[in-house]
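Residue-level listing of the chains:
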Amino acid sequence: MSVIQVGVADKTGKLDPQLVEATAAAINIQVIRDLAPIWNVQATVRHLSNPKSIPPGVWPVFLVAQLPAGEGGVHKDNKKQPF
């Protein structure tokens, strides 16, 4: 089973990077501890300091101030990868 890599990035530029990093680390602990045993999925969560530079294979989660009308939830690209 491959490990899904999730990256959390602040697109607002208004959040304390240390807070975002600490939050990603806390979510990572929960994902490692709770996700795999119940859902049979392995994943890691980390902070991405630059929302414009997403490493290959990382599923980004962008923190934004406001979503455009009609958007929200999960969106997938033409290869069925979340973005």
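Structural notes, computed from the coordinates.

Conventions adopted
- Residues numbered from 1 in each chain as written.
- Predicted model: local features only at pLDDT ≥ 70, side-chain atom pairs only at ≥ 80, totals over all residues.
- Heavy atoms only, no water.
- Pairing = 2+ DSSP bridges.
- Helix = DSSP H or I, 4+ residues; strand = E, 2+ residues; numbered from the N terminus.
- Axes fitted to C-alpha atoms, helices over the stretch in contact; angles between N-to-C directions.
- Buried < 20%, exposed > 50% of the residue type's maximum accessible area, 1.4 Å probe, protein only.
- Core = buried A, V, L, I, M, F, W, Y, C linked by side-chain atoms within 4.5 Å.
- Contact = heavy atoms within 4.5 Å.
- Right-handed = clockwise from strand over helix to strand, strands pointing away.
- Phe/Tyr/Trp six-rings, centres within 6.5 Å; stacked < 30°, edge-to-face > 60°.
- Lys NZ or Arg CZ within 6 Å of the ring centre and 35° of its normal.
- Bend = angle between axes of the 7 residues up to and from the residue.
- Polar contact = N/O pair within 3.5 Å; in protein donor to acceptor, adjacent residues only side chain to side chain.

## Overview of the sheet that holds strand β2 (residues 42–47)
Strands sit in the order β2-β1-β3 across an open sheet of three strands; the sheet is parallel. If you trace the sheet from one side to the other, it starts and ends with β2 and β3 (58–63), each paired once. In this sheet, neighbouring strand axes are inclined to one another by 25° on average, regardless of whether the strands run parallel or antiparallel. Bridge count between strand β1 (residues 3–10) and β3: six bridges; the pairing is parallel. Its bridge partner lying in β3, Asp 10 is registered against Leu 63.

## Side note on the environment of Ala 25
Tracing the chain through its elements places Ala 25 in helix α1 (residues 17–39). The partly exposed category is assigned to Ala 25, whose relative accessible area is 38%. Linking Ala 25 and Pro 68, residues 43 residues apart in sequence, is a C-alpha distance of 28 Å.

## Here we look at the nonpolar core
Core analysis: the largest hydrophobic core is formed by seven residues, namely Val 6, Val 8, Val 20, Ala 24, Val 31, Ala 43 and Val 45. Of all the elements in the fold, those that place two or more residues in this core are β1, α1 and β2. Looking at this core element by element, the count peaks at three residues for α1. Beyond its immediate stretch of four places on either side in the chain, Val 45 contacts Val 6, Val 8, Ala 24, Ile 27, Asn 28 and Val 31.

## Considerations on the pairing of β2
Moving residue by residue along a regular strand, the side chains alternate between the two faces of the sheet. Pairing between β1 and β2: six bridges, direction parallel. Looking at the pairing, Ile 4 lines up with Ala 43 of β2. On the question of chirality, the crossover connecting β1 to the parallel β2 by way of α1 is right-handed.

## Topic: the packing of aromatic side chains
Under the criterion given, the structure shown has zero aromatic pairs. Sitting above the plane of the Phe 62 ring, Lys 11 keeps its charged end 4.2 Å from the centroid.

## Considering α1
Of all the bends found along α1, the most pronounced is centred on Val 31 and spans about 35°. For α1, the set of buried residues is Val 20, Ala 24, Asn 28 and Val 31. Its buried side turned inward, α1 meets β1, β2 and β3. At the N-terminal end of α1, a side-chain oxygen is found 2.9 Å from the backbone nitrogen of Gln 18, two or three residues along, and the residue is Asp 16. In the stretch just after α1, Asn 40 is the one whose phi turns positive, near 55°.

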